[in-house]
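Chain and residue survey
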Amino acid sequence: MPASPATNPFTLLSLIAAPAVLTNAASLLVLSTSNRFARAIDRARALVGHLKSANAATDPESPTRLVQLKRAERRSLLLLTSLRAFYLSIGAFAFASLVSLVGAGIASSPYEFGLSVAMFVSLASGIVGVGSLVYGCVILVRETRIAVYSIVEETKFIEQRSVVKETLADAPV
């Protein structure tokens, strides 16, 4: 049986500290992911603006921009999934903290069943929180790979255009 808060003052602190630290980590991930989400949306809007322009039908870059728009859409959806996972994680950690407090309150009472339930619910909530945190991070890795691939592809496209322009500029007239 765990030590009661009356015999060990650090029991209550340790029950709250772990979920609090994990909640802070999840909150920071929400903040950075929200920024990434905003950038992906801005990129998609810029691409839509280009594709809606009057000369989009004749612009040789339009097919590439359409592929990039689809990729920006995929990134946005992945980031949204990641944000949902992080929000679930924050909620689960907050719930685990609350249940841990309740469990600590009834630890010295004769209600052993209530303590067992509180321990189980708190542990289950913590597992959901950690699982959601890990899942959100895995999704972020996938999104990052797509973003980097887009940059690599765009760099190659620009390099090819530069080579073609230099070749045409160097060609005798």
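Residues numbered from 1 in each chain as written. Predicted model: local features only at pLDDT ≥ 70, side-chain atom pairs only at ≥ 80, totals over all residues. Heavy atoms only, no water.

What about the confidence of the model for the protein?
Across the protein, pLDDT averages 85, with 84% of residues at or above 70. Of all secondary-structure elements in the protein, the lowest mean pLDDT belongs to helix α1 (residues 9-52), at 85, while helix α2 (residues 62-106) reaches the highest, 90. (pLDDT = per-residue confidence, 0-100. Helix = DSSP H or I, 4+ residues; strand = E, 2+ residues; numbered from the N terminus.)

Description of the layout of surface pockets
Approximately 160 Å³ is the volume attributed to the second largest pocket. In terms of lining residues, the second largest pocket is bounded by Arg43, Leu47, Gln68, Arg71, Ala72, Arg75, Ala147, Ser150, Ile151 and Glu154. Only α1, α2 and α3 (112-170) provide two or more residues apiece to the lining of the second largest pocket. In terms of residue class, the lining of the second largest pocket is built from four nonpolar, two polar and four charged. (1 Å grid on protein atoms, 1.4 Å probe; cavity = no way out; pocket = protein on both sides within 12 Å on 5 of 7 lines; lining within 4 Å. Points joined across faces, edges and corners; volume = space filled by probe spheres on them. Nonpolar A, V, L, I, M, F, W, Y, C, P; charged D, E, K, R; others polar.)

Brief notes about the pattern of salt bridges
This model, assessed by the stated rule, comprises six salt bridges. Salt-bridge contacts for Glu143 lead to Arg36; the nearest nitrogen and oxygen are separated by 2.3 Å. Taken together, the residues span a long stretch of sequence, with Glu143 in helix α3 and Arg36 in helix α1 at a distance of 107 residues. Residue classification places Arg36 among the partly exposed residues on the basis of a relative accessible area of 25%. (Salt bridge = Lys/Arg side-chain N within 4 Å of Asp/Glu carboxyl O. Buried < 20%, exposed > 50% of the residue type's maximum accessible area, 1.4 Å probe, protein only.)

Points about the nonpolar core
Listed in full, the nine residues of the largest apolar core are Ala26, Val30, Ala40, Leu79, Leu83, Phe86, Phe93, Leu133 and Leu140. Residue assignment for this core shows that the elements contributing at least two residues are α1, α2 and α3. Broken down by element, the residue count for this core peaks at four residues, all from α2. (Core = buried A, V, L, I, M, F, W, Y, C linked by side-chain atoms within 4.5 Å.)

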